[in-house]
Number of protein chains: 2
Amino acid sequence: MSYKYVYLFSEGNGSMRELLGGKGANLAEMTNLGMPVPQGFTVTTEACTKYYEDGRQINAEIEAEIYEYLAKMEQICGKKFGDVKNPLLVSVRSGARASMPGMMDTILNLGLNDTVVEGLAELTGNPRFAYDSYRRFIQMFSDVVMEVPKKNFEVIIDELKEKKGVKLDTELDVNDMKELVKLFKAYYKEQKGVDFPTEPKEQLLEAVKAVFRSWDNPRAIVYRRMNDIPSSWGTAVNVQSMVFGNMGDDSGTGVAFTRNPSTGEKKLYGEFLMNAQGEDVVAGIRTPQSIDQLREVMPAVYDQFAKIAQTLEDHYRDMQDMEFTIEKGKLYMLQTRNGKRTAAAALKIAVDLVEEKMLTKEEAILKVEPKQLDSLLHPQFDAAALKKATPIAKGLPASPGAACGKVYFTAEEAVAAAEAGNKVVLVRLETSPEDIEGMYASQGILTVRGGMTSHAAVVARGMGTCCVAGCGEIVMHEEEKYFEVAGKTIREGDYISIDGSTGNIYGEAIDTVEAGISGDFETFMNWADEIRTLKVRTNADTPHDAEIAYKFGAEGIGLTRTEHMFFDADRIPAMREMIVSDTLEQRQKALAKLLPMQRSDFEGIFKAMHGYGVTIRFLDPPLHEFLPHTKEDIEALAKEMGMTYDKLKEKIDSLHEFNPMLGHRGCRLAVTFPEIAEMQTRAVIEAAINVNKEGMNVVPEIMIPLVGDVKELAFVKNIVTTTADSIIKEAGVELKYMVGTMIEVPRAAVTADEIAKEAEFFSFGTNDLTQMGYGFSRDDAGKFLGDYYDKKIFESDPFAKLDQDGIGKLVKMAVELGRKTRPDIKLGICGEHGGDPSTVEFCHNIGLTYVSCSPFRVPIARLAAAQAKVKEGK
Amino acid sequence: MSYKYVYLFSEGNGSMRELLGGKGANLAEMTNLGMPVPQGFTVTTEACTKYYEDGRQINAEIEAEIYEYLAKMEQICGKKFGDVKNPLLVSVRSGARASMPGMMDTILNLGLNDTVVEGLAELTGNPRFAYDSYRRFIQMFSDVVMEVPKKNFEVIIDELKEKKGVKLDTELDVNDMKELVKLFKAYYKEQKGVDFPTEPKEQLLEAVKAVFRSWDNPRAIVYRRMNDIPSSWGTAVNVQSMVFGNMGDDSGTGVAFTRNPSTGEKKLYGEFLMNAQGEDVVAGIRTPQSIDQLREVMPAVYDQFAKIAQTLEDHYRDMQDMEFTIEKGKLYMLQTRNGKRTAAAALKIAVDLVEEKMLTKEEAILKVEPKQLDSLLHPQFDAAALKKATPIAKGLPASPGAACGKVYFTAEEAVAAAEAGNKVVLVRLETSPEDIEGMYASQGILTVRGGMTSHAAVVARGMGTCCVAGCGEIVMHEEEKYFEVAGKTIREGDYISIDGSTGNIYGEAIDTVEAGISGDFETFMNWADEIRTLKVRTNADTPHDAEIAYKFGAEGIGLTRTEHMFFDADRIPAMREMIVSDTLEQRQKALAKLLPMQRSDFEGIFKAMHGYGVTIRFLDPPLHEFLPHTKEDIEALAKEMGMTYDKLKEKIDSLHEFNPMLGHRGCRLAVTFPEIAEMQTRAVIEAAINVNKEGMNVVPEIMIPLVGDVKELAFVKNIVTTTADSIIKEAGVELKYMVGTMIEVPRAAVTADEIAKEAEFFSFGTNDLTQMGYGFSRDDAGKFLGDYYDKKIFESDPFAKLDQDGIGKLVKMAVELGRKTRPDIKLGICGEHGGDPSTVEFCHNIGLTYVSCSPFRVPIARLAAAQAKVKEGK
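Residues numbered from 1 in each chain as written. Chains lettered and ligands numbered in written order. Predicted model: local features only at pLDDT ≥ 70, side-chain atom pairs only at ≥ 80, totals over all residues. Heavy atoms only, no water.

Chain A is annotated in an unreviewed UniProt entry as Pyruvate, phosphate dikinase from Feifania hominis. Per its UniProt entry, chain A bears the Sequence similarities (unreviewed entry) comment "Belongs to the PEP-utilizing enzyme family." Entered under Cofactor (unreviewed entry) in the UniProt record, the comment concerning chain A runs "Mg(2+)". (UniProt positions renumbered as here; feature names shortened; annotations may be inferred.)

Visitor: Which residues make up the overall build of chain A, and what are the values?
Guide: A tally of helices and strands in chain A yields 36 helices and 33 strands. Overall, the C-alpha framework of chain A stretches about 100 × 60 × 50 Å when taken along its three principal axes. Split into buried and exposed, the 874 residues of chain A put 58% on the buried side. Only carbon and sulfur atoms are counted for the fraction: they give 50% of the accessible area of chain A, which is about 34,100 Å². The positive charge centre, built from 103 side chains, and the negative charge centre, built from 132, are 3 Å apart in chain A. (Helix = DSSP H or I, 4+ residues; strand = E, 2+ residues; numbered from the N terminus. Buried < 20%, exposed > 50% of the residue type's maximum accessible area, 1.4 Å probe, protein only. Areas by Shrake-Rupley, 256 points an atom, 1.4 Å probe, with all protein chains shown as cover. Lys, Arg positive; Asp, Glu negative; His and termini not counted. Charge placed at Lys NZ, Arg CZ, Asp CG, Glu CD.)

Visitor: Residues and numbers for the sheet that holds strand E6 (residues 106–110) of chain A, please.
Guide: Residues and elements named next belong to chain A. One open sheet holds the 5 strands; their spatial order is E1-E2-E7-E5-E6, and the pairing between them is antiparallel. Since the sheet does not close on itself, it has two edges, and those belong to strand E1 (6–8) and E6, each with one partner. Strand-to-strand, the axes of this sheet are offset by a mean angle of 20 degrees, without reference to chain direction. Examined bridge by bridge, strand E5 (residues 90–96) and E6 share 3 bridges and lie antiparallel to one another. Each bridged residue has a counterpart across the sheet, and for Val 90 the counterpart in E6 is Leu 110. (Pairing = 2+ DSSP bridges. Axes fitted to C-alpha atoms, helices over the stretch in contact; angles between N-to-C directions.)

Visitor: Report on helix H1 (residues 17–32) of chain A, specifying residues and quantitative values.
Guide: Residues and elements named next belong to chain A. Along its 16 residues, H1 runs just 15 Å from first to last C-alpha, ending more than 12% under the 22 Å computed at 1.5 Å per residue. Most pronounced at Lys 23, the bend in H1 amounts to some 80 degrees. H1 sits mainly inside the fold: 13 of its 16 residues count as buried. Among the residues trailing H1, Gly 34 stands out with phi positive, at a value near 75 degrees. (Expected span 1.5 Å × (residues − 1). Bend = angle between axes of the 7 residues up to and from the residue.)

Visitor: An account of the packing of aromatic side chains is requested, with residue identities and associated values reported.
Guide: Residue and element names in this part refer to chain A. All told, the structure shown has 52 aromatic pairs over all chains when counted by the stated rule. Between Lys 201 and the ring centre of Tyr 67, over which it is positioned, the NZ or CZ distance is 4.8 Å. In this arrangement the basic side chain of Arg 491 is found over the ring face of Tyr 482, its NZ or CZ atom lying 5.0 Å from the centre. (Phe/Tyr/Trp six-rings, centres within 6.5 Å; stacked < 30°, edge-to-face > 60°. Lys NZ or Arg CZ within 6 Å of the ring centre and 35° of its normal.)

Visitor: I'd like a description of the pattern of salt bridges, backed by residues and values.
Guide: Applying the stated criterion across every chain yields a total of 125 salt bridges over all chains. Through salt bridges with shared partners, a single network forms among Asp529(A), Arg532(A), Lys535(A), Glu555(A) and Arg862(A). (Salt bridge = Lys/Arg side-chain N within 4 Å of Asp/Glu carboxyl O.)

Visitor: Go over the side chain of Asp499(A), please, and point to the residues and values.
Guide: All names here are of chain A. Relative to the elements of secondary structure, Asp 499 occurs in strand E23 (residues 495–499). For the buried residue Asp 499, which engages in no salt bridge, the nearest side chain bearing the opposite charge is Lys 394, 8.5 Å off. Polar side-chain contacts of Asp 499 include one of 2.8 Å to the backbone nitrogen of Ser 501. Every residue in contact with Asp 499, bar those within four places of it in the chain, is listed here: Phe 381, Gly 401, Cys 466, Val 468, Asn 504 and Tyr 506. (Polar contact = N/O pair within 3.5 Å; in protein donor to acceptor, adjacent residues only side chain to side chain. Contact = heavy atoms within 4.5 Å.)

Visitor: Describe in detail the packing of helix H13 (residues 343–355) of chain A against helix H20 (residues 519–531) of chain A, supporting the description with residues and values.
Guide: All names here are of chain A. As a packed pair, H13 and H20 sit with axes 9 Å apart at the nearest point and diverge in direction by 65 degrees. What the angle tells us is that H13 and H20 run roughly perpendicular. Classified by chirality, the crossing of H20 by H13 is left-handed. Mapping the contact onto sequence places Leu 347, Lys 348, Ala 350, Val 351 and Val 354 in H13 and Asp 520, Phe 521, Thr 523, Phe 524 and Trp 527 in H20. Residues belonging to the contact of H13 with H20 are distributed by class as follows: 7 nonpolar, 1 polar and 2 charged. (Parallel < 35°, antiparallel > 145°, perpendicular 65-115°, else oblique. Left-handed = near helix turned anticlockwise from the far one by under 90°. Nonpolar A, V, L, I, M, F, W, Y, C, P; charged D, E, K, R; others polar.)

Visitor: Tell me about the packing of helix H24 (residues 584–608) of chain B against helix H28 (residues 674–693) of chain B, and please be specific about residues and values.
Guide: How two helices pack is summed up by the angle between their axes together with the distance between the axes. All names here are of chain B. Between H24 and H28, the least distance of the axes is 8 Å, while the angle of their chain directions is 35 degrees. Regarding H24 and H28, the two cross each other, and that crossing is right-handed. Packed against H24, whose contacting residues are Leu 584, Arg 587, Gln 588, Leu 591, Leu 594, Leu 595, Gln 598, Arg 599, Phe 602, Glu 603, Phe 606 and Lys 607, the element H28 presents Glu 675, Ile 676, Met 679, Gln 680, Arg 682, Ala 683, Val 684, Glu 686, Ala 687, Ala 688, Asn 690 and Val 691 at the interface. The residue inventory of the contact of H24 with H28, partitioned by class, reads 13 nonpolar, 4 polar and 7 charged.

Visitor: Got a sec to walk through the interface of chain A and chain B? Specific residues and values, please.
Guide: Of the residues lining the interface, 53 residues belong to chain A; the matching set on chain B comes to 53 residues. Of the roughly 4,300 Å² buried at the junction of chain A and chain B (both faces included), carbon and sulfur atoms supply 56%. On the chain A side of the interface with chain B, the three residues burying the most area are Leu662(A), Arg747(A) and Ile793(A), jointly 15% of the side's total. On inspection of chain A and its partner chain B, the count reaches 4 salt bridges. Between Arg747(B) and Asp803(A) there is a salt bridge whose closest N-O contact spans 2.5 Å. (Buried area = accessible area lost by both parts, 1.4 Å probe.)

Visitor: Please set out helix H32 (residues 766–774) of chain A residue by residue, giving values where relevant.
Guide: Residue and element names in this part refer to chain A. Within H32, 9 of the 9 residues are buried, which leaves it mostly tucked inside the rest of the structure. Taken residue by residue, H32 has Thr 766, Asn 767, Asp 768, Leu 769, Thr 770, Gln 771, Met 772, Gly 773 and Tyr 774 as its buried positions. Trailing H32 by a residue or two, Gly 775 shows a phi angle of about 75 degrees, which is positive.

Visitor: Explain a negative patch on the surface to me, and be specific about the residues and the numbers.
Guide: Side chains of Glu434(A), Glu625(A), Glu632(A) and Asp633(A) sit close together on the surface and give a patch of like negative charge. Relative to the elements of secondary structure, Glu625(A) occurs in the loop between strand E28 (614–617) and helix H25 (631–641). (Patch = residues over 30% accessible without salt bridge, like charges linked within 9 Å, V, L, I, M, F, W, Y side chains within 5 Å.)

Visitor: Can you break down the sheet that holds strand E17 (residues 466–469) of chain B residue by residue, with the values?
Guide: Residue and element names in this part refer to chain B. Read across the sheet, 8 strands follow the order E12-E22-E21-E14-E15-E16-E17-E13 without closing on themselves; strand pairing throughout is mixed. Of all strands in the sheet, those with a lone pairing partner are strand E12 (393–394) and strand E13 (396–399), marking the two edges. Relative to strand E16 (residues 444–447), strand E15 (residues 424–428) is paired through 4 bridges, and the arrangement is parallel. In the strand pairing of E16, Val 427 is matched with Leu 446. Strand contacts of helix H17 (residues 411–419): strand E14 (402–408) and E15, with the helix running at about 175 degrees to E15, the strand carrying the most contacts.

Visitor: Go over the confidence of the model for chain A, please, and point to the residues and values.
Guide: For chain A, per-residue confidence averages 92 on the pLDDT scale, and residues scoring 70 or more make up 99% of the total. ipTM for the predicted complex: 0.84, alongside a pTM of 0.84. (pLDDT = per-residue confidence, 0-100.)

Visitor: Mind laying out the environment of Asn26(A), listing which residues take part and the relevant values?
Guide: Residues and elements named next belong to chain A. Here Asn 26 shows up in helix H1. Each C-alpha atom of the pair Asn 26 and Gln 335 lies 7.0 Å from the other, and the pair is 309 residues apart in sequence. Among the polar contacts made by the side chain of Asn 26, one reaches the main-chain carbonyl oxygen of Thr 336 at a distance of 2.8 Å.

Visitor: Would you mind going over the UniProt feature "domain: Pyruvate phosphate dikinase AMP/ATP-binding" (unreviewed entry) in chain A in detail, with residue names and values included?
Guide: Here the UniProt feature "domain: Pyruvate phosphate dikinase AMP/ATP-binding" (unreviewed entry) sits at residues 58–291 and 303–355 of chain A. The distance separating the terminal C-alpha atoms of residues 303–355 of chain A is 26 Å; by composition the span is 51% helix and 32% strand.

Visitor: Account for the pairing of strand E20 (residues 488–491) of chain B, naming residues and giving values.
Guide: Residues and elements named next belong to chain B. As paired strands, strand E19 (residues 482–485) and E20 are joined by 4 bridges and run antiparallel to one another. The residue of E20 that forms the bridge with Phe 483 is Ile 490. Following E19, the chain reverses through 2 residues before pairing antiparallel with E20; Ala 486 in that reversal takes a positive phi of roughly 50 degrees.

Visitor: Talk me through the domain arrangement of chain A; I want residue IDs and the actual numbers.
Guide: Structurally, chain A comprises domain 1 (245–341), domain 2 (379–513), domain 3 (532–622 + 657–873) and domain 4 (623–656). Each of domain 1 of chain A and domain 3 of chain A was reduced to a C-alpha centroid, and the two centroids are 53 Å apart. (Domains from an automatic or database assignment.)

Visitor: Tell me what's going on with the side chain of Arg862(B), and back it up with residues and numbers.
Guide: Residue and element names in this part refer to chain B. As for its placement among the helices and strands, Arg 862 is situated in helix H36 (residues 858–873). Here the side chain of Arg 862 touches Phe 552 through a polar contact of 2.7 Å, landing on its backbone oxygen. Ignoring anything within four residues of it in the chain, the contact list for Arg 862 reads Ile 517, Met 525, Ala 528, Asp 529, Arg 532, Val 536, Phe 552 and Gly 553.

Visitor: Help me get a handle on unusual backbone geometry, residues and values and all.
Guide: With glycine set apart, most residues show a phi of negative sign, and most peptide bonds adopt trans. Residue and element names in this part refer to chain B. At Arg 56, a residue that is not glycine, the phi angle is positive and equals roughly 60 degrees. Along the chain, the position of Arg 56 falls in the loop between helix H2 (45–53) and helix H3 (60–77). One non-glycine residue, Lys 357, lies in positive phi territory at about 60 degrees.

This is how it looks when you write it as structure tokens:
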């Protein structure tokens, strides 16, 4: 069977975006709707895939089909490719399934050569236009197809203008244009060693190849990774008859939205330029006019356009982003697509479209990208103040939001300054667990080293604190308490501002405004809650985090990491005392000091959650994480502990691990030191008893981490139930509690039927499951993940987006096995993936009870859960 | 339903070992066969399990049942428990399903107290015997039941002997025995605060409890772990009417085998002591007589015994190990069981039994424990070196093989020295169960006391460790850590050599050489090869290892670790040069130096394997493993490399990993540095072309390690095939090769269907799969595995015996998924588990093509594979 790789616009339709790409499908749809579209054809995304399969070449079959459709197009347009008398000129544009703005490259005026240009000049009676078009084509083709940079041609233009003593391109006359064509062709030959291709068909085939090639350029790869677009999709190529907005004052070109993409206001919004080609609008050399003014300039054209716009919005039932050209007073539609919009606009448009009865609530829910909500949940810079500021440096946008505060260089000083009422930005070379309190006390965190998954980035995202990481331009003088960047010196106590959404760093104070959920946002989120069935919990280690999450709609806590509580300055001594103990008695004594602190934390968290379920994970990290490592710190601790330096050093050394990730942690700690689990059980149960006395009805969920074998869980569970039951009995109260486990070790996933015999709930720790399932630790994977993206082995970060094919398969297996043993088992996910929309959808589809994510991602997860439900119904 | 927890010997039979334990089942079977067995009853293993379920107590139901059966036993024996006139005395012995020699505790003469002893004296007319029995009972009961150490009582005896000026126990008279009873009881009261229990029923119940308890003592746990015995089995308790071998010169006791347990020779083999109780034989205080001599001493008894022995062997169709007692000229059988034997004896017996038509080949195959073969595969003394050496002493040849090592005098020091990398010979007065771990850690064991059936001898044979026992010439100074023999003084750390086949002891180090397969061993292994369907390959990194393995029957190489080749002193410089390279060109230059070395290694390995398949794994460990870490070494290397110290240090630091196990290694190296895979491909393919030119027909198998995602494999495979195909084309030859992967990452196991699209074979790397599947690294797990064994979360070392329930499930899943995609996929295992018999059986059952193990385990795996096939047919 001969395969069809090319479609006329009149052969396709709007539903064919997988095959024709978004642009091609919409051109076909507009053609079907009888709108004025310059005709042409689309080379399919499958042709692109074939191009890569064939080792980056267009095979003879596809080439022949392209020429066949070129002939059909000539017939439709009544023009001929390469014909001097009546030349067909075309644009060649990429168009992938998903919109990838700015990622792909465009060529206009293709089909021109030394003879055709003369024909065009004659036909239009405008030789300057003809030669201007020709030189633009040479420039674009050279740049896009042959990798001779466009800007080198601009230099040639500038030289000519200087020589002629003029400033504007428009001041160049027809002879100048002819001269430029000559100079461009000469430069091309100098660069490439061959003449500029004069055969239009050759130009066309090279241009198609260039579009295919551009699918794989580094910008495209990065864009796809950030937007979860698989590289297997490929791009289509649209070959369209040229229309010219630069044919005189009755010609023009423009872009417009059916609603305001910033605010969502229902009003045509856009701009146009008379006597210009599309690139002139984008380039911003001349200032375009507002679309309103078109009504005055060309009233009939405006009315026609406004009507088309309304038709398109009604047809697509979404805000449209359109391109048009006016050639000698006649309107042509070059593109329409669902328009990109800000989060605020997206919410307003979604709510308005429901009110206008254009969409159902379920349909509206799908119109907002969950990740977009993030920008509405964090403090932002005051827009007016931001306009006046200039960044002094840029790091990685590691955790969104805006922060402004005084610079401090150590966690202790940050805490002290915050306690004294200052807003603080903590600036560190890189952060470590000891900095937690300082990070909590700060409005924002700035690090010199570390990537998007560095300690600072991960912790900051978890806390919802703004963070800019890895700003390598900064020269740090930590000891001397200042840093230098861009010729500026910033000292302790100086104000800076950082933007965690852009990575920008400002050497001054910029006012911020707080976020909240109200208005359209609130309406919209209520709809999401009505629709979704998947519950959304939060990961919160403190009453403060729990309160934020509750405000953002969290329905319980899926993960409270008890160890974070131990890093506090007033707690870590007891923790360390416990760790360096030689005997059970010493350990119990130290644990007794920690008990009241833990208990009061739990009381606070229970209260903040207003009776929703709270899952508390028992101590997880290896003990050495709590001990100091530098000589000075060890000396100080030894003194504090009344130990010799040598003894303490020996203890610390004995805790050293080759692979801490795979070491003595999680439930293994409770196996070795049951007294830790006893103390933690006591703290949880006593706290629950205390708050229930105040009228709450808390059912605490105790979660045992890192279980790989049901016997581990049975052992620790026995400690928990023995302790809990005796406390409850002693208190003479009724208290229900649950004991469950993390599923984060691959063996636990495949033996989940056994584990469910002991576990009343599972919570999938997909961070560790990803690390162990793939066999790479997050701390080390940074070294090679770059290579993996470059070589297209990975297309997204497996720590941000759950790998559904492999790690997800383990999760799915565990869900099925767990349910087989215990049909009513409660199932959740508490890895960082819990706030990733695609993972939320996966969790909905495999039937989890809830997802749990950091407080600031709760609304995102709520929306993603609603979308998953709607999609499921489709 | 009331459950039956107790069986009379006459109620059971030989097939009931799960319920009655081995000893109980065989006592029942002998009773059924009409043999002279002192009657009694067995408390079942289920009672033991119940005891633990009930929180370590015997419930009322079981207690009542024991007393009920005690009454039945009284009736059968015509004696009464606690009756002064006609007292029933019993022995209480443990008996688990599997034989656990020396692990469990025995109490004799139970039923004695201050009044009964008088009756016994009267009844036997032998008051000294009665009181001797009584003091022995007190001693044993106190030790076993009440944890008052036996040796403390020995001190009391020694004091009395000193006071009386005598040397031997036999020189103590009846009054001395009475005195000892008084002293013992006083000491008991002093230690325990209560009187020694005088109520026989109380004694019995306490003794039964003690046996149950002893199932869980640390020695038993260690023994079970080393022998793969689940703790859930429990032990039975045998309560048997006492017969006395110490009633005078017409009494005696002994042990015997139906064939020689050292050589397999078909001839009664054993020893006996007249006028003695069983413990006297085992303790080795008096030197026993050979069983042959019994023919002269008591001809009728000998004939009866010989006939019984033959009947038992015919009945069980296996060599029997029997205990007997002669009481006043009458023979009693106390035990029979399949006898432990040396590997050589096991092979001879198996071959002989087939020739005697007693067994089929398939049955014979099951008679040899695969792990036992180990002892035949380990070094023997170099004949030339041995000729020059003169023994300094001679002991009993208790367990064959040769050993050379440094002398240590305690189990702890032996373990420590072995862990420090020393070869060790453990020298003890006599060994006890506490020494088990030290015995495992040693190359050889030498004891001063004890015979061929002493603890040391039995255990050493079981382990296949060389042992010379009962070398009475040695004068021991254990405390001072030296011994004297033949005028020589041997101190801790000095080298000695011992020959477990001759009993010779040498005061010097003697070189050892490897063993071969011939005679019965060869016959037997040929049968195994005829039977088995699972292939056996070897893990070998050098031509030398490959040659040994080929000699031991390996049918190819399942794993050649190429990195081991890079650690050679003459190669590591080029490797390091490669690692510290900054550019591709530098790296290629260094790799070019490594190419000829690798190629020649591969040529050697291909030749050593005579055309069998050879799987070569590409570079696996993280690169930092090849670099130095101390300041001096780094300085030296920097000088050698012509780099500054700082630059090299920086490079080394940049390669640091938090979790090297989960870092930049395996196929990830080839993704980052494709040139390494190119070089290795070139080395493999060129080597194959070269040896094939010499007439071989090698089809190399290139194995990509640590694949987790099919795309990783596809990427590296593309490098391999591109390189290989161009070399083959250039050489103008025909060469087949295969590309496959390790399955050692959990994700690879669950996505094996995808991976099989690219992989022509899988090799399961169960070491890493265990580490990642469980989430603990072998290097770190040592810290907590001890707790896991103590708390019975683990019963065996998951790195030695594959965890079939979890990690094995991943393997099984991968097998099924892999076959679904590629039905003819070649499947093997190359983790260390490949030589473990239980894992080999698992591999056979899930349908692997081959197992691969270290050269010395190849015969073990061949036998285990044959056994798996035979068992499958059952």
